Amino acid sequence: MMMMAAAAVRCRGSEAFFIGSQIQRCQMKIMGMILLLSPTTLSLLSTNHSNSISSSSSSSSSRYKHSNDVSLFRNIDDALSSFNHMLHRKPLPCIIQFNQLLSAIVKMRQYYDAVVSLSKQMELAGLSPNTYTLNMLINCFCQLQRIDLGFSVLAKGIKLGLQPTIVTFNTLTNGLCKVGKFSQAAELFDDMVARGCQPNVHTYNTIINGLCKIGETAAAARLFKKMEEAGCQPNVVTYSTLIDGLCKDRRVNEALDIFSYMKAKGISPDIFTYTSLIKGLCNSSRWNDASALLNEMRSLNIMPDIVIFNVLINTFCKEGKVSQAQGVLKTMTEMGVEPDVVTYSSLMYGYSLWMEVVEARKLFDVMITKGYKPDVFCYNILINGYCKATRIDKAKQLYNEMILQGLTPDKVTYNTLIHGLCQLGRLREAQDLFKNMHKNGNLPDLFAYSILLDGFCKQGYLGKAFRLFRAMQSSSLKPDLVMYNILVDAMCKSGNLKDARELFSELFAKGLQPNVQIYTTIINGLCKEGLLDEALEAFRNMEEDGCPPDEFSYNVIIRGFLNHKDESRAVHLIGEMRDRGFIADAGATTW
């Protein structure tokens, strides 16, 4: 008999269950556990169905004649009525018949808690569960995202002398992955292997998928290799999952190697395999390879779906290759695949990126005539396009239009419009929109504050900028380095070095670590005021604070020294920056 194993998994009492050689210890710990069929568990999971079970049993008994053929169940009421008849038969039907009925309810995919309640009634009637019953209950708890109670079922099974099967472990492993506990799933897998239980392809696929989801593609690849070594042949799901993980990790060449290997093994790729690879190749700007795969699909009579075409169009548009995206659109329509909202949105974004907002608007209108209702994302793309083209009134018109359509503008909508208004110096309108965010329940984020703060500073309204900055400090949001840099830069440019210094010192008090940008800003301000020693001190402090100066920082301080005729220190700094591999700009060397 195979030895079975489970990783230590925390259940309700933080107890750990072990299988195989440690069954006796497990049984000792079980006594302190809240097991599957306790009143607490039932009250937690079966409240919604306890009344419906009894009422439907009585109301349905007169109209429903019991049949052992579970396929005849029309709905949950029929199943519950059948259960009631079975439970009152003398003698009781065997556990296999009850399992068939519970299995039919499980297949309805929404009455998992009812199955738990019915199993309690079976136990009270004197029916002993078998391994199939327990596996089914473990699955129900996993579907209800109560994996802890699933392990309680496992513990109860061991106590009753039932032997867990590979299905038991697969169900628990899958349940752990469903709730994001991938590391515990991997531990459970390792433990079952260590104790002699041979995983099947489903087990491997579950763990490989979990590892890929948390970015552990190297571990997934190692497990794939061990899978083959153990004599368990990977299937198309295994290969496709690993290929998808490698592509997401930008390891496209390795993904292509796996792709070639699977074909050599006689495993035919499916549409998911091709979609993952095409997306990975597009993200690596390997257009020709992606196109070749698309043609390969077609030659194998694997019909590309809307997802693949949208991947291609979206990637081309993000790269600014709108003409190629239009070519893909033409191909997909010729193949009878209709574009959807995602397709139109991607193309609109591509046109907006190149400020061809008129073309973007045409697509927007075509989408509406095709019967698609634009969502907030679509409106945001077009609003951004109009703002980039400095056609802010058109952008505001779209904003009003989306509200009339019953859509609620989000933070992206507001931030885009506020930025567009600030760029044109229309600060009063930007402020009004900023206030509207509060009224409409969209609390401004750091980006919104930064946009308005920058707008005030660029228009010379330093008082308003400072008041906005302090108001933000008293809210739940705290200014970040970007906001401090905006204000410090504005203060330096206006000659208000005193306030700039105070703000810079405030960074340390607030626990913020200055970056290269804000150091360079304050150094530039100090140089302009002729405070060269202080500027050099700040420059040297950068290194000590773990923020080494970059090429721009060197050029700023060198120009400061040259502008104040301190050529010896400028020459020293030029030599220093060259030693670091930086290049002095023309203004720092032509003196």
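Everything discussed here concerns the structure shown above.
From a predicted model like this one, the values you see are computed outputs, not experimental measurements.

### Details of the nonpolar core
Of all hydrophobic cores here, the largest spans 171 residues; its most connected members are I278, I418, I523, I557 and I558. Of the residues forming this core, the biggest block, nine residues, is contributed by helix α27 (residues 481-493).

### Some remarks on the packing of helix α28 (residues 497-509) against helix α29 (residues 516-528)
Look at α28 against α29: their axes get within 11 Å of each other, and the N-to-C directions meet at 150 degrees. As judged from the angle between their axes, α28 and α29 are roughly antiparallel. Every pair of crossing elements has a handedness; the one defined by α28 and α29 is left-handed. Residues L497, A500, R501, F504, L507 and F508 of α28 pack against I518, Y519, I522, G525 and L526 of α29.

### Some words on helix α12 (residues 217-229)
Each full turn of the α-helix corresponds to 3.6 residues, which orients residues three or four apart in the same direction. The end-to-end C-alpha separation of α12 is 18 Å, in line with the 18 Å expected for 13 residues at 1.5 Å each. Turning to α12, its buried residues number three or more, namely T217, A219, A220, L223, F224 and M227. Taken down its axis, α12 places every buried residue within 150 degrees of arc, on the same side. Set apart from the buried face of α12 by more than 90 degrees, the exposed residues are R222, K225, K226 and E229.

### Describing helix α6 (residues 112-124)
Along its 13 residues, α6 runs 19 Å from first to last C-alpha, staying within 8% of the 18 Å computed at 1.5 Å per residue. The buried count for α6 comes to ten of 13 residues, which makes it a mostly enclosed element. For α6, the complete set of buried residues consists of Y112, D113, A114, V115, V116, S117, L118, S119, K120 and M122. Where α6 ends, the next residue or the one after it, G126, has phi of about 95 degrees, a positive value.

### Overview of the layout of surface pockets
Estimated volume of the largest pocket: approximately 280 Å³. At the level of elements, α10 (182-194), α11 (201-213) and α12 are the ones that each hand at least two residues to the lining of the largest pocket. Grouping the constituent residues of the lining of the largest pocket by class yields ten nonpolar, one polar and three charged.

### Comments concerning the packing of aromatic side chains
The geometry of an aromatic ring pair is captured by the separation of the ring centres together with the interplanar angle, meaning the angle of the planes. This structure, assessed with the given rule, holds 16 aromatic pairs. Considering the side-chain rings of F434 and Y449, the 5.1 Å spacing of their centres and the 80 degrees angle between planes classify their relative orientation as edge-to-face. Separated by 15 residues along the polypeptide, F434 in helix α24 (residues 427-439) and Y449 in helix α25 (residues 446-458) bring together distant segments of the chain. For F434, a relative accessible area of 7% corresponds to the buried category. Counting every residue linked through ring pairs, the aromatic cluster contains F224, Y239 and Y261. Over the aromatic face of Y461 sits the side chain of K464, whose NZ or CZ is 5.2 Å from the ring centroid.

Calculation criteria
Residues numbered from 1 in each chain as written. Predicted model: local features only at pLDDT ≥ 70, side-chain atom pairs only at ≥ 80, totals over all residues. Heavy atoms only, no water. Core = buried A, V, L, I, M, F, W, Y, C linked by side-chain atoms within 4.5 Å. Buried < 20%, exposed > 50% of the residue type's maximum accessible area, 1.4 Å probe, protein only. Helix = DSSP H or I, 4+ residues; strand = E, 2+ residues; numbered from the N terminus. Axes fitted to C-alpha atoms, helices over the stretch in contact; angles between N-to-C directions. Parallel < 35°, antiparallel > 145°, perpendicular 65-115°, else oblique. Left-handed = near helix turned anticlockwise from the far one by under 90°. Contact = heavy atoms within 4.5 Å. Expected span 1.5 Å × (residues − 1). Arc of directions from axis to C-beta. 1 Å grid on protein atoms, 1.4 Å probe; cavity = no way out; pocket = protein on both sides within 12 Å on 5 of 7 lines; lining within 4 Å. Points joined across faces, edges and corners; volume = space filled by probe spheres on them. Nonpolar A, V, L, I, M, F, W, Y, C, P; charged D, E, K, R; others polar. Phe/Tyr/Trp six-rings, centres within 6.5 Å; stacked < 30°, edge-to-face > 60°. Lys NZ or Arg CZ within 6 Å of the ring centre and 35° of its normal.

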